[in-house]
Amino acid sequence: MSADAATSTMGIMPSHPTPVPQPLPSLHSRRYRQLLLLAAAVGVPVSAVAFAYLQLVHHTQHWVYHDLPSALGLDPVPLWWPVPPLVLAGLIVGLCVRYLPGKGGDSPADGFHAGPPPRPREIPGIALAALASLGLGAVVGPEAPLIALGAGLAAWAPSLVKRGDDEQAVAVLGAAGAFAAISLLLGSPLLGAFLLMEASATGGAALGFMLVPGLLASGVGALVIVGLGSLTGLGTASLAIPALPDFVRPDVPQLGWAVVIGLAAPFLGIGVRRLSRLVRTRGAGRPVLAPVVVAFLVGLVAMAYGAVSDRSPEAVLFSGETALGPLLVHASDYSVGALVLLVVFKSLTYALSLGVFRGGPVFPGMFIGAAGGIALSHAPGLQTVAGAAMGIGAMCVVMLRMPLVSVLLATLLLSQGLSVMPLVIVSVVVAHVVMSFLTRGDDAPQEPFPTGRPPGAAAGSG
């Protein structure tokens, strides 16, 4: 494994030319010990910033969609309420893309790619565009902006100690910052490690070289977050979903359903991906107007869902990160028809949002997969937890093209995850293979980034 693959960091980035790689320092060298100390140091502020950012997103969502309409005397909240916040979000994102360095981050329509950390001057635009998207109702996840913010802040550290010209240190600490930020969100350094590994195509000795600083940064950061959660009374984030319906064991009928789910997910995922890219392409020439128009359409779709389903339009907005647990716990409250409507409308708002907003592709795909799996569990031979887990895994691998991460996301977050893991593996593998056949030639190969930033590379170019 060459040093260029070893020193990639994560983001949603386009490919760029590869300069000559630097050799890896020995794990016993003084230089590497210095990198470890810097990684431990950056884990503290990166985790604190990520914690504060997630809390800001959560409180923005609650204020806009609950406190504000209540203060205005709108009780119950009217169906049209999501339209103004979404249009405002589209305007803010469009202005960030048009006028701010970094263009507000990269489009989530392309999934995850290896890439260099953003420059310090690009961080405000990335943070603002993602906050507007996530806080005002767009159907994108928080993982991509957290990775970008963590990587950008951590990569700034060498310049503070007069080592800003050390490209390898910038890349290693950028990866450590991304690792700490995503581990905070996912609640598991293990998930962060696999996400980093699959996104950057790193392995062998280079994998250990990159993961040790990342593990150290995420571990130190986790301790800080426990303290912050206790001090502020806000607690710590956890995606684990307890108190789920009982699951006995995998059996032959459920194995058959794993194949069915694995075959079906790629077609839904391809529809979402292609619509999102079509929206992005059509709006590329109007970076301010296009997000506003698409945001208005997302609001109309949410209104239509509320009118048809007699449920809150919020169900098809946001990332689905906090709604996934209640969906699984109260799965028996949904009919097949209600779940099908949820999948259809959420997929549409997801595709539209991916095309213009800034965020990540993970959590909305997980939510849609879970809803689809629960809908299928009304058929004979499929239990609710197994259907949801297989749906999550299959949709994740379709949207991310990361089979290991998809299996882990679908199992480590569920209380019966280990029991359903064999079924999830089958659904993920089937979906991954089918997706590779259906999309041959659609995706350019992802090249790992070398040390530092390639000449002329602009983080966040959409």
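Residues numbered from 1 in each chain as written. Predicted model: local features only at pLDDT ≥ 70, side-chain atom pairs only at ≥ 80, totals over all residues. Heavy atoms only, no water.

Participant: Tell me about the packing of helix α10 (residues 252-283) against helix α13 (residues 336-356), residues and numbers included.
Facilitator: Each pair of packed helices can be summarised by the angle the axes make with each other and by the distance between the axes. Taken N-terminus to C-terminus, the directions of α10 and α13 make an angle of 35 degrees; their axes are 7 Å apart at the nearest point. You can see that α10 and α13 cross each other, and the crossing is right-handed. Residue-level inspection shows Leu268, Val272, Leu275, Ser276, Val279 and Arg280 of α10 in contact with α13, the latter providing Val343, Ser347, Leu348, Tyr350, Ala351, Leu352, Leu354, Gly355 and Val356. (Axes fitted to C-alpha atoms, helices over the stretch in contact; angles between N-to-C directions. Helix = DSSP H or I, 4+ residues; strand = E, 2+ residues; numbered from the N terminus. Left-handed = near helix turned anticlockwise from the far one by under 90°. Contact = heavy atoms within 4.5 Å.)

Participant: Pulling in residues and values, what's your account of the packing of helix α16 (residues 403-412) against helix α17 (residues 417-438)?
Facilitator: It is the contact of α16 with α17, at a shortest axis distance of 9 Å, that shows an interaxial angle of 145 degrees. Judged by the sense of rotation from one axis to the other, the crossing of α16 with α17 is right-handed. Contact with α16, carried on its side by Pro403, Ser406, Val407, Ala410 and Thr411, involves Gly417, Met421, Val424, Ile425, Val428 and His432 of α17 and no other residues of that element. Classifying every residue of the contact of α16 with α17 by side-chain character gives seven nonpolar, four polar and no charged. (Nonpolar A, V, L, I, M, F, W, Y, C, P; charged D, E, K, R; others polar.)

Participant: I'd love a proper account of the pattern of salt bridges, names of residues and values included.
Facilitator: Should their charged atoms come close, side chains of opposite charge can pair. This structure, assessed with the given rule, holds three salt bridges. Residue Arg277 is joined to Asp110 by a salt bridge in which the shortest nitrogen-to-oxygen separation is 3.7 Å. Residue Arg277 is found in helix α10, and its partner Asp110 is found in the loop between α3 (83-99) and β2 (113-115); the two are separated by 167 residues along the sequence. Close ionic contact of Glu122 with Arg119 constitutes a salt bridge, the shortest N to O distance being 3.5 Å. According to the relative accessible area criterion, Glu122 is buried, its value standing at 2%. By relative accessible area, Arg119 is classed as partly exposed at 27%. In this structure, a network of salt bridges that share partners links the residues Asp110, Arg277 and Arg280. (Salt bridge = Lys/Arg side-chain N within 4 Å of Asp/Glu carboxyl O. Buried < 20%, exposed > 50% of the residue type's maximum accessible area, 1.4 Å probe, protein only.)

Participant: Kindly report on the nonpolar core, identifying the contributing residues and their values.
Facilitator: Leu327, Met366, Met390 and Leu409 are the most contacted members of the largest nonpolar core, which has 122 residues in total. Counting the residues that make up this core, at least three belong to each of domain 1 (31-232) and domain 2 (252-439). If you look at the next biggest cluster of nonpolar residues, it comprises seven residues, including Tyr32, Ala169, Phe209 and Met210. (Core = buried A, V, L, I, M, F, W, Y, C linked by side-chain atoms within 4.5 Å. Domains from an automatic or database assignment.)

Participant: Just give me the short version of α13, but keep the residues and values in it.
Facilitator: The end-to-end C-alpha distance of α13 is 31 Å, a good match for the 30 Å that 21 residues give at a rise of 1.5 Å each. The element α13 is largely enclosed, with a buried count of 15 among its 21 residues. (Expected span 1.5 Å × (residues − 1).)

Participant: Hey, could you go over the side chain of Ser347 for me, with residue numbers and the actual values?
Facilitator: With respect to the helices and strands, Ser347 occurs in helix α13. Judged by relative accessible area, which is 8%, Ser347 ranks as buried. In contact with Ser347, not counting residues within four places along its chain, are Leu268, Val272 and Ile368.

Participant: Can you explain the side chain of Ser406? Please cite residues and give values.
Facilitator: Tracing the chain through its elements places Ser406 in helix α16. Accessibility expressed as a relative area gives 0% for Ser406, which makes it buried. Separated by 3.0 Å, the side chain of Ser406 and the backbone nitrogen of Val397 make a polar contact. Setting aside its immediate chain neighbours within four residues, Ser406 contacts Gly393, Cys396, Val397 and Val428. (Polar contact = N/O pair within 3.5 Å; in protein donor to acceptor, adjacent residues only side chain to side chain.)

Participant: Could you give an account of the packing of aromatic side chains, with specific residues and numbers?
Facilitator: Throughout the structure, instances matching the rule amount to three aromatic pairs. Between the aromatic rings of Trp80 and Trp81, the centroid separation amounts to 5.8 Å while the plane-to-plane angle is 50 degrees, which identifies the pairing as tilted. On the basis of relative accessible area, Trp80 is assigned to the partly exposed category, the value being 43%. One Lys or Arg, Lys346, reaches over the ring of Phe367 and ends 4.8 Å from the middle of that ring. (Phe/Tyr/Trp six-rings, centres within 6.5 Å; stacked < 30°, edge-to-face > 60°. Lys NZ or Arg CZ within 6 Å of the ring centre and 35° of its normal.)

Participant: Please provide a residue-by-residue account of the environment of Leu146, values included.
Facilitator: Along the polypeptide, Leu146 turns up in helix α5 (residues 143-155). For Leu146, a relative accessible area of 2% translates into the label buried. Remark: the alpha-carbon pair of Leu146 and Ile182, spanning 36 residues in sequence, is separated by 6.5 Å. Once you skip the residues sitting within four places of it in the chain, Leu146 turns out to touch Ala50, Tyr53, Leu54, Ala181 and Leu185.

Participant: Describe a nonpolar patch on the surface, naming the residues involved and giving the relevant values.
Facilitator: A contiguous nonpolar surface patch, about 530 Å² in accessible area, is contributed by Leu88, Leu91, Leu95, Tyr99, Leu100 and Leu128. Considering each element in turn, the nonpolar patch owes the most residues, four residues, to α3. With respect to the secondary-structure elements, Leu100 resides in the loop between α3 and β2. (Patch = residues over 30% accessible without salt bridge, like charges linked within 9 Å, V, L, I, M, F, W, Y side chains within 5 Å. Areas by Shrake-Rupley, 256 points an atom, 1.4 Å probe, with all protein chains shown as cover.)

Participant: Quick one: what's the story with unusual backbone geometry, residue by residue and with numbers?
Facilitator: Cis geometry marks the peptide bond from Asp75 to Pro76; its omega dihedral reads 5 degrees. Within the secondary structure layout, Pro76 lies in the loop between α2 (30-71) and α3. For Phe318, which is not a glycine, the phi torsion comes out positive at approximately 65 degrees. Within the secondary structure, Phe318 is located in the loop between α11 (289-309) and α12 (324-329). Here Arg401, not a glycine, exhibits a phi torsion of approximately 60 degrees, which is positive. The residue Arg401 is located in the loop between α15 (384-400) and α16 in this model.

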